[in-house]
Amino acid sequence: MLPRSILVIDFFCKYSVKHVKPIYFTTTGLPVRQLGIYHICGNDLSSLGLAKIVEKYHKICQKNTVIWARCLTDEAKKKESGLEKSVSGNVEEIIKAPVSPKKRKRVDLAAVSLERNFITPVRAMTDFLLKPSDLEGLRKTKRRSPYENEPPITVFWRKDVESKAMEVWGSKESLDRALRLKEAERRRHQQNIFDVKRRLKDYRREKQLEEDKESRKSGLWGPSGRVVLTAIVINGSNFLFKLFAWLYTGSHSMFSECIHSLADTINQLILAFGVHKSVQRADSDHPYGYSNMKYVASLISGVGIFCVGTGLSLYHGITGLLHPAPLESFYWAFFILGGSLVSEGATLLVAVNSIKKGAKESNMQFWEYVLRGQDPSVNVVLMEDLAAVFGVGVAGVCMGLATHYGSAIPDAVGSLLVGGILGGVASFIIYTNVAALVGRSIPQERLDKINSELEADVMIRAIHDVKGIDIGNCLVRYKAEMDFDGRELTRSYLDKQDLNVLLEEVKEMKNIEELEGFLLKHGENIVDMMGGEIDRIELKLRKKHPEIRHCDLEIL
């Protein structure tokens with residue numbers, strides 16, 4: 001440790017020394033200590049013998065040295081010659097004098113101090129509730145950023161920020177009170193956010209349950225899906241039995257029935273895929289969903305029946321007529337046809353019951369429901385099984401005639417008749433599904449009911465260009481152009497305003513610009529309110545008519 005220099009020269013008080021400037025430094029790496037040697041003769045150290053004194057001082061303490069020069073007044077300069085010896089002597093005496101060492105002040109790690117702390121602008125505004133304008137006049141500096149590869153950050157001295165906060169808020173109690181209010185507001189805000197998130201989560205859960213319920217109702221495990229799956233199992237079994245009977249007997253009619261069951265099985269597999277795909281959620285590529293997949297699958301099924309079932313049956317019947325073959329025993333074939341009649345009849349009853357239930361829910365007649373193709377998958381099963389029952393009957397009669405007369409001609413004619421039945425069923429299926437895919441309007445009664453509900457709203461004067469399109473799965477896309485009642489809309493807006501306040505605003509207006517701003521503000525609010533009214537009307541329509549999936553309401 002360096003001894004503290006206690007050199008004090010009395011003549012500084014006597015001769016009006018003005019200021020101090022360092023003129024000499026040592027660089028030993030130790031803390032710099034002030035030597036207290038003062039130069040009263042300008043820059044000439046040798047005139048007072050101070051160079052020797054400095055050299056002697058180095059030998060004594062071997063520490064850092066700073067020599068200070070003082071500028072004197074004219075009075076001091078006049079007497080400098082008489083002071084040279086006295087100054088030199090005084091300095092030597094003081095250097096030789098014993099110096100008491102000063103204890104170094106150690107760092108107290110347990111002490112608490114915020115005097116030299118920095119604070120970021122964000123924290124200054126958060127912890128002390130200051131505005132950016134309050135921080136403009138405060139001292140600031142740059143510090144290394146705590147984040148890697150980021151530029152230095154700007155910080156303020158904490159004591160300056162605290163002083164500014166006391167200036168702004170008046171007292172620490174006022175600041176603490178404002179902080180408590182802000183904390184309470186923050187907690188309320190967080191609670192509101194939590195409540196909104198919880199309600200949104202509950203809404204999504206309920207929405208998911210509704211979608212799952214709708215999926216179960218409309219998917220493979222719904223009424224239509226169960227009918228199709230039942231038909232797949234029964235027709236697949238019939239195909240295997242008929243194939244065995246045809247291989248055993250070689251009958252043309254049995255071959256037609258075998259092909260018929262194979263076509264039904266494949267087509268119903270396609271229907272099952274369509275039913276499953278029709279309940280898939282809408283996405284960006286298909287914003288209106290996949291409900292039309294039922295019609296697409298039914299159309300493919302109809303084309304398949306026409307090409308495979310009708311074509312092969314007609315081909316086999318014509319071949320039997322042109323090239324009759326000897327008949328085999330039809331004994332086992334009759335048993336298989338009887339079993340097919342029972343199984344196809346059971347599937348037909350399942351399809352009929354499903355269509356009756358759907359027609360009742362839609363307030364439609366049975367045949368109207370079938371002809372409109374409201375449930376295309378069940379319609380295909382119904383028509384295929386109806387054709388199968390008739391086909392089994394025709395095949396049985398023709399095989400019986402062939403056995404009775406011993407001729408292959410009735411059997412070949414039976415194949416042609418079965419092919420004709422399949423062709424008629426396929427044509428009906430193709431026609432009904434094409435009509436649905438092109439875009440078919442909902443029944444006029446249902447459309448009038450929706451229109452009357454819309455026109456009864458107080459905000460609507462009239463509706464025009466109304467369209468209700470069946471988009472499949474008993475869902476509807478509704479579109480209408482509305483003539484809005486502007487007076488009622490404005491009156492509804494004014495009901496939510498304080499008319500006295502509006503009147504005062506109008507009275508205080510002094511020029512056109514103020515009037516224009518007033519009208520623009522309230523005009524924009526009224527337009528926004530119109531959008532809210534449209535949303536309200538759409539929600540009301542969907543609530544009373546759940547079949548409306550997409551509602552497009554436009555303003556005239």
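Please read all numbers here as calculations on a predicted model, not as lab measurements.

The positions UniProt marks with the feature "transmembrane region" (unreviewed entry) are residues 227-248, 295-318, 330-352, 386-406 and 412-439. Secondary structure over residues 386-406 splits into 95% helix and 0% strand, and the C-alpha atoms at its two ends are 30 Å apart. Along residues 412-439, the helical share is 100% and the strand share 0%, with 42 Å between the first and last C-alpha atoms.

With respect to the secondary-structure elements, glycine 250 resides in the loop between helix H8 (223-249) and helix H9 (252-278). In this structure, the C-alpha to C-alpha distance between glycine 250 and proline 326, residues 76 residues apart in sequence, is 9.1 Å.

A few words on unusual backbone geometry. It is generally the case that most residues other than glycine have a negative phi and that most peptide bonds are trans. Located in the positive-phi region is asparagine 149, a residue other than glycine, with phi close to 60°. If you trace the backbone, asparagine 149 turns up in the loop between strand S5 (140-143) and strand S6 (153-157).

This paragraph deals with helix H15 (residues 444-455). Three or four residues apart is the spacing at which side chains of an α-helix point the same way, because the helix has 3.6 residues per turn. Taking 1.5 Å of rise per residue, 12 residues should cover 16 Å, and H15 covers 16 Å from first to last C-alpha, within 8% of that figure. The complete set of buried residues in H15 reads Leu447, Ile450, Asn451, Glu453 and Leu454. Mapping the buried residues of H15 onto a view down its axis gives an arc of 160°, with all of them on the same face. More than 90 degrees from the buried face of H15, the exposed residues found are Glu445 and Lys449.

If you look at the biggest cluster of nonpolar residues, it comprises 27 residues, and the most contacted ones within it are Val228, Leu271, Ala351, Ile355, Val381, Leu382 and Ile429. Contributions of two or more residues to this core are made by H8, H9, helix H10 (293-322), helix H11 (331-361), helix H12 (366-372), helix H13 (376-405) and helix H14 (409-439). Top contributing element to this core by residue count: H13, with 6 residues. Residues in contact with isoleucine 355, not counting those within four places in the same chain, are Phe366, Tyr369, Val370, Val378, Asn379 and Leu382.

The subject of this paragraph is H8. Taking 1.5 Å as the rise per residue, H8 with 27 residues should run 39 Å; its terminal C-alpha atoms sit 39 Å apart, in good agreement. Glycine 250, located one to two residues past H8, shows a positive phi value of around 75°.

Reading across from one edge, S4-S6-S5 is the order of the 3 strands in this open sheet, with antiparallel pairing throughout. On the outer flanks of this sheet lie strand S4 (118-119) and S5, each paired with one strand and no other. Here S5 runs beside S6; their pairing, made up of 4 bridges, is antiparallel. Each residue of the ladder has a partner; that of lysine 142, found in S6, is threonine 154. Packed on one face of the sheet, helix H6 (residues 158-169) meets S4 and S6 and runs near 65° to S6.

The tally for this structure, following the rule as stated, stands at 20 salt bridges. Between aspartate 485 and arginine 461 there is a salt bridge whose closest N-O contact spans 3.0 Å. One end of the pair, aspartate 485, is in the loop between strand S9 (475-484) and helix H16 (486-494); the other, arginine 461, is in strand S8 (residues 460-472), with 24 residues separating them in the sequence. The exposure class of aspartate 485 is buried, given its relative accessible area of 13%. One continuous salt-bridge network, built from bridges that share partners, spans Asp457, Glu533, Arg536 and Lys540.

Summing up the model confidence of the protein, the mean pLDDT is 76 and the portion of residues at 70 or higher is 78%. Counting contacts from residues 1-81, a segment whose pLDDT is below 50, to residues more than four positions away or on other chains yields 128 contacts. In the model, residues 83-97 has pLDDT below 50 throughout and makes 22 contacts with residues more than four positions away in sequence or in other chains.

As a further point, take the packing of helix H17 (residues 499-507) against helix H18 (residues 512-544). Angle between the axes and distance between the axes: these two values describe a pair of packed helices. Remark: H17 packs on H18, axes separated minimally by 10 Å, with the N-to-C direction vectors making an angle of 150°. Comparing their axes, H18 and H17 come out roughly antiparallel. Note that H17 runs across H18; the crossing there is left-handed. Within the contact between the two elements, H17 uses Leu502, Glu505 and Val506 and H18 uses Phe518, Lys521 and His522. Partitioned by chemical class, the residues of the contact of H17 with H18 number 3 nonpolar, 1 polar and 2 charged.

Scoring rules and cut-offs
Residues numbered from 1 in each chain as written. Predicted model: local features only at pLDDT ≥ 70, side-chain atom pairs only at ≥ 80, totals over all residues. Heavy atoms only, no water. UniProt positions renumbered as here; feature names shortened; annotations may be inferred. Helix = DSSP H or I, 4+ residues; strand = E, 2+ residues; numbered from the N terminus. Expected span 1.5 Å × (residues − 1). Buried < 20%, exposed > 50% of the residue type's maximum accessible area, 1.4 Å probe, protein only. Arc of directions from axis to C-beta. Core = buried A, V, L, I, M, F, W, Y, C linked by side-chain atoms within 4.5 Å. Contact = heavy atoms within 4.5 Å. Pairing = 2+ DSSP bridges. Axes fitted to C-alpha atoms, helices over the stretch in contact; angles between N-to-C directions. Salt bridge = Lys/Arg side-chain N within 4 Å of Asp/Glu carboxyl O. pLDDT = per-residue confidence, 0-100. Parallel < 35°, antiparallel > 145°, perpendicular 65-115°, else oblique. Left-handed = near helix turned anticlockwise from the far one by under 90°. Nonpolar A, V, L, I, M, F, W, Y, C, P; charged D, E, K, R; others polar.

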